[in-house]
Amino acid sequence: MATAMDYAWRRIMQAPDPVTSARSARDLAVAAGAAITPRGIGSVAVLKLFDQVLAPATRAQNGPTNLAYIPAAPTRAALAFEAVTGAANIFAGTWEAGAGAIHAENEALTWLTQLLGWPPAAAGCFVSGGTMGNLSALITARAAADASRGRPADGWKIVCADSAHSSITSAARAMDAEIITAPVDQRGHLTGSAVNAILESATGVFAVVATAGTTNAGLVDNLDDIADACERHDVWLHVDGAYGGAGLAAPSVRHLYTGIERADSFIVDPHKWLFAPYDCCALLYRDPTSARAAHSQSAHYLDTIDRDAHNPADLALHLSRRARGLPFWFSLAVHGTDRYAQAVERTLATSRLVTDAIRASDHLRLTIDPELSVVLFERPGWSPQDYASWSARAAETGTILCVPTLWNGATVLRMAFVNPDTHADDVIHTLHTLR
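What counts as what
- Residues numbered from 1 in each chain as written.
- Predicted model: local features only at pLDDT ≥ 70, side-chain atom pairs only at ≥ 80, totals over all residues.
- Heavy atoms only, no water.
- Helix = DSSP H or I, 4+ residues; strand = E, 2+ residues; numbered from the N terminus.
- Rg over C-alpha atoms; globule rule 2.2 N^0.38 Å.
- Buried < 20%, exposed > 50% of the residue type's maximum accessible area, 1.4 Å probe, protein only.
- Contact = heavy atoms within 4.5 Å.
- Areas by Shrake-Rupley, 256 points an atom, 1.4 Å probe, with all protein chains shown as cover.
- 1 Å grid on protein atoms, 1.4 Å probe; cavity = no way out; pocket = protein on both sides within 12 Å on 5 of 7 lines; lining within 4 Å.
- Points joined across faces, edges and corners; volume = space filled by probe spheres on them.
- Nonpolar A, V, L, I, M, F, W, Y, C, P; charged D, E, K, R; others polar.
- Pairing = 2+ DSSP bridges.
- Expected span 1.5 Å × (residues − 1).
- Arc of directions from axis to C-beta.
- Axes fitted to C-alpha atoms, helices over the stretch in contact; angles between N-to-C directions.

A. Here's a closer look at the overall build of the protein. Summing up its helical and strand segments, the protein has 15 helices and 11 strands in all. Over its C-alpha atoms the protein spans a radius of gyration of 23 Å, differing by no more than 12% from the 22 Å that the globule rule assigns to 435 residues. Seen through its principal axes, the protein has C-alpha atoms that stretch 60 × 60 × 45 Å. Scored against the burial criterion, the 435 residues of the protein give a buried share of 51%. Expressed as a percentage of contacts within the protein between residues at least 6 apart in sequence, the contacts between residues at least 24 apart total 71%. Accessible surface for the protein amounts to roughly 19,600 Å². Of this, 54% is attributable to carbon and sulfur atoms.

Shown next, in the form of structure tokens:
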């Protein structure tokens, strides 16, 4: 135990290694050898294997120059309390077993519901990630629709845009529901008029999914107009804010979320832009009554559970559950919500400085004006292979992690800023290598 705890301390305090990356399965198998043996190899040998072979074959998500996909930048307080959470070994599915931990998680969730502008009765729980959060919310939406009007003859349907996260399609497949894709406007937003046009003609729609911070471009859909359409047709509105929901804490962009207070359900991943470790998604309901009706499990051994208490197992597709919200709660309590708002604003400021540099550049072109902290840009004249080669070289040297993506069918480069330790000058200097 002392060996493991000492390693955890050193790992939390050390700077991330920007050149760590995956190795081939064959190469890694040879380098790692056999760790699980009949007689064991001892803690020192196992930790040496992890430190020198396994950990270097993983990407440093909290590196300040990791701008690929949606990285993560957990506070050291959150990382430290992740170790405490594991040591406490709390079952946090029911109030009876995990009341203290659930109380703390609920305090963190209350901060989020206040950012949403939701009533005090709003509630939720922490699940593993956006995929589970979206699926659980949509199961709730379908159960609510089924209770009020019954299953339609031609099956259930979900409305979303092409820009919605891939987990929405996965959820629809799991639920045997159909996806109806609504068109976006010329800048890439799902609009209320597009949603309304579909709801006017389609049958069996039980939910509309809007996005508050699309993964590819960081765009916030027209939430207020979409809420109007959903209200007009009595359809559940779910908002996926897995990445962009953190922007609710930033006064400079809060206006982009107008209408989110009218959503029926919402998710945000604190392990993305709210400085928590993996894995942590906050799933919230403006009125949790429908969620309890959809998700509460019944069995003889569960009959003694107090259903009047707050049971996270009643609010999502799970029963067994660790208290994954505790590291987020601990970091919020240690640093305060003002520091969190400042940290989100700092990443937005960094992305704006880099955006201004791209606009002023004579060899780069901004693809779309950013709304949050995702920046899309291009190097005119480059082929997809040029982008891929530059990205691979920059990753191998540890200079920057910046990968290509597609926007309107064209290959461009994409940067996602979620780390307050990222310095605009460092990124701008690296962009000169695109010459």
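B. Layout of empty space enclosed by the protein. Tallied over the entire structure, the rule returns 3 cavities of 30 Å³ or more. For the largest cavity, the calculated volume is near 60 Å³. Every residue along the wall of the largest cavity is listed here: P18, A60, G63, T65, N66, A394, A395, G398, I400 and L401. Each residue belonging to the lining of the largest cavity can be placed in one class, and the counts come to 6 nonpolar, 4 polar and no charged. Reported here for the second largest cavity is a volume of approximately 50 Å³.

C. Examining the layout of surface pockets more closely. Estimates place the volume of the largest pocket at around 1,400 Å³. Around the largest pocket sit 41 residues that line it, and R11, I12, N62, P74 and L79 are the ones nearest its centre. Put simply, the parts of the chain that give the lining of the largest pocket at least two residues each are α1 (2-13), α3 (43-54), α4 (76-88) and α13 (337-360). Examining the composition of the lining of the largest pocket, we find that 5 residues originate from one element, α13, more than from any other. In this structure, the second largest pocket encloses a volume near 340 Å³. Lining the second largest pocket are 20 residues, and of these D162, S163, G188, N216 and W407 lie nearest its centre.

D. A look at the pairing of strand β1 (residues 123-127). Of all 5 residues in β1, 5 are buried, a share of seventy percent or more. Burial of the side chains of β1 extends over both faces: A123, C125 and V127 are buried on one face and G124 and F126 on the other. Here β1 pairs with strand β7 (residues 281-285) via 5 bridges, running antiparallel. Paired with V127 across the strands is C281, a residue of β7.

E. Structural context of α4. The terminal C-alpha atoms of α4, which comprises 13 residues, lie 19 Å apart, in line with the 18 Å expected from a rise of 1.5 Å per residue. Within the span of α4, buried status applies to A77, A78, F81 and T85. Buried residues of α4, viewed axially, fall in a sector of 85°; they line one side. In this structure, the buried side of α4 is in contact with α12 (326-335).

F. Highlighting the sheet that holds β1. The strand order across the open sheet formed by 7 strands is β1-β7-β6-β5-β4-β2-β3, and the pairing between neighbours is mixed. Every other strand in the sheet has two partners, leaving β1 and β3 (178-182) as the edge strands with one partner each. Averaged over all pairs of adjacent strands, the angle between strand axes in this sheet comes to 20°, irrespective of strand direction. As paired elements, strand β2 (residues 157-161) and strand β4 (residues 205-211) share 3 bridges and run parallel to each other. Its bridge partner lying in β4, K157 is registered against V205.

G. Layout of the pairing of β7. The buried count for β7 comes to 5 of 5 residues, which makes it a mostly enclosed element. The sheet contact formed by strand β6 (residues 265-268) and β7 spans 4 bridges and is antiparallel. Of the residues in β7, the one forming a bridge with V268 is A282.

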